[in-house]
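This is what each chain is made of:
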Amino acid sequence: MNELDSELVSGQLSALGYRFVASAHEADVVLYNTCSVRENAEQKVRSRLGEIAQRKRSEPALVVGVLGCMAERDGPDLIRRMPVVDILCGPSELDRLPALLDNAVRTRASLGGEDAGARSAKQTALQGSASRRTATLAAAADRLELLDLSRAISPTDHNGSAYVRITRGCNKFCTYCVVPNTRGAEVHRPPDHIVDECRRLADAGVIEVTLLGQTVNHYRFEHGAAVTLRGVTQPQKGRAYRGGHRRDPYRGERVTTFADLLKRIHDEVPAIRRLRFVTSYPRDFGDDALEVMRDSPRICRYLHVPAQSGSDTVLQRMNRGYSVGEYLDFIDRARAFLDEPEIGRPLLIAGDMIVGFPGESDEDFDASVRLLERVRYKNCFIFKYSPRPGTAAYTRLPDDVPDAVKRERNTRLLAAQQTISDEIARAQIGNTLDVFVGGLSVRERKQRPGRASDGVGLTVGGRPAQDDADQITRASTAQMTGRTDGDLIVLFDTPDGREPGDLIGRILPVQIHQASTLTLFGALVGDRA
Ligand code: 5AD
Ligand code: SF4
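Note that the coordinates shown come from a computational prediction; the quantities given were computed from them, not determined experimentally.

Reading the values: rules and limits
Residues numbered from 1 in each chain as written. Chains lettered and ligands numbered in written order. Predicted model: local features only at pLDDT ≥ 70, side-chain atom pairs only at ≥ 80, totals over all residues. Heavy atoms only, no water. Pairing = 2+ DSSP bridges. Helix = DSSP H or I, 4+ residues; strand = E, 2+ residues; numbered from the N terminus. Axes fitted to C-alpha atoms, helices over the stretch in contact; angles between N-to-C directions. Near = heavy atom within 4 Å. Nonpolar A, V, L, I, M, F, W, Y, C, P; charged D, E, K, R; others polar. Polar contact = N/O pair within 3.5 Å; in protein donor to acceptor, adjacent residues only side chain to side chain. Salt bridge = Lys/Arg side-chain N within 4 Å of Asp/Glu carboxyl O. Buried < 20%, exposed > 50% of the residue type's maximum accessible area, 1.4 Å probe, protein only.

A short note on the sheet that holds strand 22 (residues 519-524)
The sheet built from five strands closes into a barrel, its strands ordered 17-19-20-22-21 with mixed pairing. Neighbouring strand axes in the sheet, compared pairwise and without regard to direction, differ in orientation by 50° on average. Sheet analysis places strand 20 (residues 489-493) next to strand 22, joined by four bridges and oriented parallel. Looking at strand 22, one finds that L491 is bridged to F521.

Written as structure tokens, this is what we have:
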């Protein structure tokens, strides 16, 4: 989600004439797009801000902005604690960033010199507590929709892969999570806009699209319901499927369900050869969506569907809205529809787990290990519970699992997952897999000088994107990285005489000859290479 936001912001700023530079040190304006989900993500940003504060002492005209969830969560408090920050812009206000930036740059120019740093008027755009009021929500949704619609799609600045947002915000209120506060209420984008965006991406050469939403499979758009109450757009509500209610009874012209949306993109934009979506919510999967996945060859057999815990009592305290039994029923149902290893289309499932949630006992934790072993995730992201101010758990549940216990559980769960990931990877040895080639491997990129991105900063002011192409065409043989349909990572070397640039953005057959936990190693095969 943040990556897509950064892309939209950079597109918007380049259209306005800002140039991008290769490193923050050369920039007149430095913007950090931030995440607040866990405390350590915020710490990283604070330490970057500390570094840049040093620089601002000698360059008072530098403009520094904090975008995203941390800006929204900390609000003006962040500026009080970190006066180096000139701009704060929440994730639901990114369309207003150009105006904020323009104001900040103008203030700086008009004040000039030393004064600029000391007296610059701070620019902020935060949704604040108004975020869940329907009228405000509708207005914000419309403005943000324009930001998505204005997406600048160039045939050269992607590696064949792109994200498309289908839903913003989240209504689930899991007790540990800041997202419903920082990103606001759930809003579903109109299906025509989504399909158009996919088509424009495909026209620009994108062949892999990942649909994004915090609870992506909760998507549901009611046509004509857009303008109802006193002319104000109403939020669209998704559906939960529990027990016997496994299909949306209102499928048809009036409603576009998640299943309909998947089918529309798959059928109307066949140039997209891989269609994925993240992140799924276990309770919201109808059989109709699973059927569309089963019957659509270009939809990947991949689900990221976090359980968070294997204990019913912990799930309840997390307000996840399902039991372990219901989660496992869903996994079995998904496998029954989609797992077809015999035709080379296994279903691979990824998950997220939190360890050390308030009140998690040894038995609760053991239940999480059992769940992980029962599901056999391809990979699972494991997080130590991090109490986040403003969430229900922070207010109501004492963070009573000692850090040493959290660390120990984290290590144990990781070890259990590693064994499973190893087995899944090793089972691929000897197989030939279709690999979507994303670019040079991390190792290869480290060996090449002059790489730009540090992952957190967005730097305004020159142009980094072209560097990749230059580096790539100069290479002789290089290690490439790519992904399978089920999102397994594959590394292979370019064959003699082949330029990496020729392979990037294509789907090519790779025979696997070695495997480690999260990575397969292989060689290109056949004439198609
Ligand atoms: N502490 C630890 N992990 C968290 N996550 C979200 N909030 C917290 C928190 N407060 C994890 C969940 C979620 C993933 C994106 O981050 O597992 O699925
Ligand atoms: Fe956070 Fe829960 Fe929403 Fe996911 S579903 S974004 S964990 S509140």
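A closer look at unusual backbone geometry
Between V278 and T279 the backbone carries a cis peptide bond, its omega angle lying at -5°. Looking at where T279 falls in the secondary structure, it is placed in the loop between strand 13 (274-278) and helix 11 (287-295). Unusually for a residue other than glycine, N319 sits at a positive phi of about 60°. Take N319: it is sitting in the loop between helix 12 (312-317) and helix 13 (324-338). Positive phi is not limited to glycine here, since R376 has a value of about 55°. Along the chain, R376 turns up in the loop between helix 14 (362-375) and strand 16 (379-384).

Some points on the site of ligand 2
Within the structure, ligand 2 sits among C170, K172, F173, C174, Y176, C177, V179, P180, Q214, T215 and R320. Here the shell around ligand 2 is built from residues that sort into seven nonpolar, two polar and two charged.

Focus: the site of ligand 1
In the neighbourhood of ligand 1, the contacting residues comprise V37, R38, Y176, Q308, D352, I354, F383, K384, Y385, S386 and R388. Here an oxygen atom of ligand 1 sits 2.7 Å away from a polar atom, N or O, in the side chain of R38. Within the backbone of Y176, one N or O atom sits 3.0 Å away from a nitrogen atom of ligand 1. When its residues are assigned to classes, the shell around ligand 1 shows five nonpolar, two polar and four charged.

Section: the pattern of salt bridges
Summed over all chains, the structure comprises 39 salt bridges. Its salt-bridge partner being R345, residue D485 comes within 3.1 Å of it at the nearest N-O pair. In this pair, D485 is assigned in the loop between strand 19 (479-483) and strand 20 and R345 in the loop between helix 13 and strand 15 (348-355), connecting sequence segments 140 residues apart. In this structure R345 comes out as buried when scored by relative accessible area, which is 16%. Notably, a salt bridge pairs R409 with D362, separated by 2.8 Å at the nearest N-O pair. With R409 in helix 16 (residues 403-426) and D362 in helix 14, the pair connects residues that are 47 residues apart, well separated along the chain. Judged by relative accessible area, which is 4%, R409 ranks as buried. Sharing partners across several salt bridges, the network here consists of E39, E42, R46, R73, D74, R81 and R388.

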